[in-house]
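# Tertiary structure, described
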Amino acid sequence: MFSIVAFTQRSVDLFDEENFIGIGSTRKVYRIEDVVVKKHLHELGYMQSVNEQNIYNDLLAKDLANNIAPILFVNGKFAVQPFYEALPLQNGETYDLDWKADQRITTDLRQALAEISENLDGFDLKDSGNYGIDSEGKLVLIDYGMTKKLYEDQWVPLAEAGVLPQIYFEHCQVCGQEKELRIYGEADRDRRCVACGKE
Ligand SMILES: Nc1ncnc2c1ncn2[C@@H]1O[C@H](COP(=O)(O)OP(=O)(O)O)[C@@H](O)[C@H]1O
Ligand SMILES: [Mg+2]
Ligand SMILES: [Zn+2]
């Protein structure tokens, strides 16, 4: 498992673009062997990683953390998590999970989701893009640090001001593929995906 010392000794570039695997509105994610390094693009990304670490510890103490991706390390610049395979898309898009019917959700995860949404102010916990799949085909929650309060007080104003991007699923104007595009405010007309040069 991850050892920051071992990586530093081997002078691994944590943010090598060749290892880029995903990006949200506040964190950019790179895979190194069996872990991911999530670079904080904005202070809000850092706040989410810290929230995740606290939520993880809270769930662990209640024995509800078996299908939650731990935060193995966090500092102001990045956080580290185990790597999980992505869920297959539906019609090229992420979709809302059915917590009751989805066979890939364990009883532990169902209880943890109830705890996070009812008692820990959790937000955006239905989107399949916030989950990975473990080696047994069960769902693992990977993105759970956004609270309703953080979303309303900080994320929305920053997105409206064009500081943080909103993520839309559209055709990239360069490669033509339907992808998640990062759009900064209403005036942003740049419809390129990250692979085609948009930051
Ligand atoms: N532990 C992980 N294993 C595999 N892929 C991941 C992992 N964490 C994040 N990703 C990928 O990186 C993307 C962005 O990470 P995420 O944590 O959702 O950032 P944000 O909080 O900015 O939305 C995810 O949608 C997913 O595709
Ligand atoms: Mg996300
Ligand atoms: Zn493109």
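Cut-off values and rules
Residues numbered from 1 in each chain as written. Chains lettered and ligands numbered in written order. Predicted model: local features only at pLDDT ≥ 70, side-chain atom pairs only at ≥ 80, totals over all residues. Heavy atoms only, no water. Helix = DSSP H or I, 4+ residues; strand = E, 2+ residues; numbered from the N terminus. Expected span 1.5 Å × (residues − 1). Buried < 20%, exposed > 50% of the residue type's maximum accessible area, 1.4 Å probe, protein only. Arc of directions from axis to C-beta. Contact = heavy atoms within 4.5 Å. Phe/Tyr/Trp six-rings, centres within 6.5 Å; stacked < 30°, edge-to-face > 60°. Pairing = 2+ DSSP bridges. Axes fitted to C-alpha atoms, helices over the stretch in contact; angles between N-to-C directions. Donors = N, O, S within 2.8 Å, 3.2 Å for Na, K, Ca; no water. Tetrahedral: all angles 85-135°; square planar, octahedral: opposite > 155°, others 65-115°. Salt bridge = Lys/Arg side-chain N within 4 Å of Asp/Glu carboxyl O.

### Examining helix α2 (residues 43–61)
Helix length check: α2, at 19 residues, gives a terminal C-alpha distance of 27 Å against a target of 27 Å (1.5 Å per residue), a fit within 8%. Along α2, the residues that are buried comprise L44, G45, Q48, S49, E52, I55, Y56 and L59. With its buried residues spanning 140° around the axis, α2 presents them on a single face. Those residues of α2 that are exposed and aimed more than 90 degrees away from the buried face are E43 and A61. Where α2 is buried, its residues contact β2 (27–32), β3 (35–40), β4 (73–74), β5 (78–82), α3 (107–119) and α4 (148–160). Two residues or fewer past α2, D63 is found with a positive phi of approximately 55°.

### Focus on the packing of aromatic side chains
Considering all chains together, one arrives at six aromatic pairs under this definition. Summarising the aromatic geometry, the rings of F123 and Y151 are spaced 4.2 Å apart at their centres and angled 25° between planes, so their arrangement reads as stacked. Of this pair, F123 sits in the loop between α3 and β7 (131–133) while Y151 sits in helix α4; the two residues are 28 residues apart in sequence, bridging distant segments of the chain. Using a relative accessible area of 27% as the deciding quantity, one classes F123 as partly exposed. For the pair Y151 and W155, a centre-to-centre distance of 5.3 Å together with 15° between the ring planes defines the contact as stacked. Highlighted residues: Y151 and W155, both in helix α4, separated by four residues, approximately one helical turn. Three or more aromatic residues link up through ring pairs in this structure, and these residues are F15, F20, Y30, F73 and F78.

### A word on the sheet that holds strand β6 (residues 85–86)
Across the sheet, which stays open at both edges, the three strands sit in the order β6-β7-β8 with antiparallel pairing between neighbours. Two strands lie at the open edges of the sheet, namely β6 and β8 (139–141), each paired on one side alone. Of the pairings in the sheet, the one linking β6 to β7 comprises two bridges and is antiparallel in character. Bridge pairing in β7 links A86 to G132. Each of β7 and β8 touches α3; the most contacted strand, β8, lies at about 25° to it.

### Quick word on the coordination of the zinc ion (ligand 3)
At the metal site, the zinc ion (ligand 3) is ligated by C172 (SG), C175 (SG), C193 (SG) and C196 (SG), and these contacts range over 2.3 to 2.4 Å. Note that the zinc ion (ligand 3) binds four donor atoms; their angles at the metal cover 103 to 119°, and the shape is tetrahedral. By relative accessible area, which is 30% here, C175 ends up partly exposed.

### What to know about the pattern of salt bridges
Taken as a whole and judged by the stated rule, the model has eleven salt bridges. The closest approach of N and O atoms between D102 and R104, which form a salt bridge, is 2.8 Å. Salt bridges sharing common partners tie together E17, K28 and E199.

### Considering the sheet that holds β5
Strand order in the open sheet made by the five strands is β1-β2-β3-β5-β4, with antiparallel pairing throughout. If you trace the sheet from one side to the other, it starts and ends with β1 (20–23) and β4, each paired once. Inspection of the sheet shows β4 paired to β5 by two bridges, in the antiparallel sense. By the bridge assignment for β5, V74 is matched with A79.

### Thoughts on the environment of L164
Of note, L164 is situated in the loop between α4 and β9 (166–171). A relative accessible area of 2% means that L164 is categorised as buried. If sequence neighbours within four positions are ignored, L164 has contacts with S25, T26, H42, L44, W155, L158, A159, I183 and Y184.

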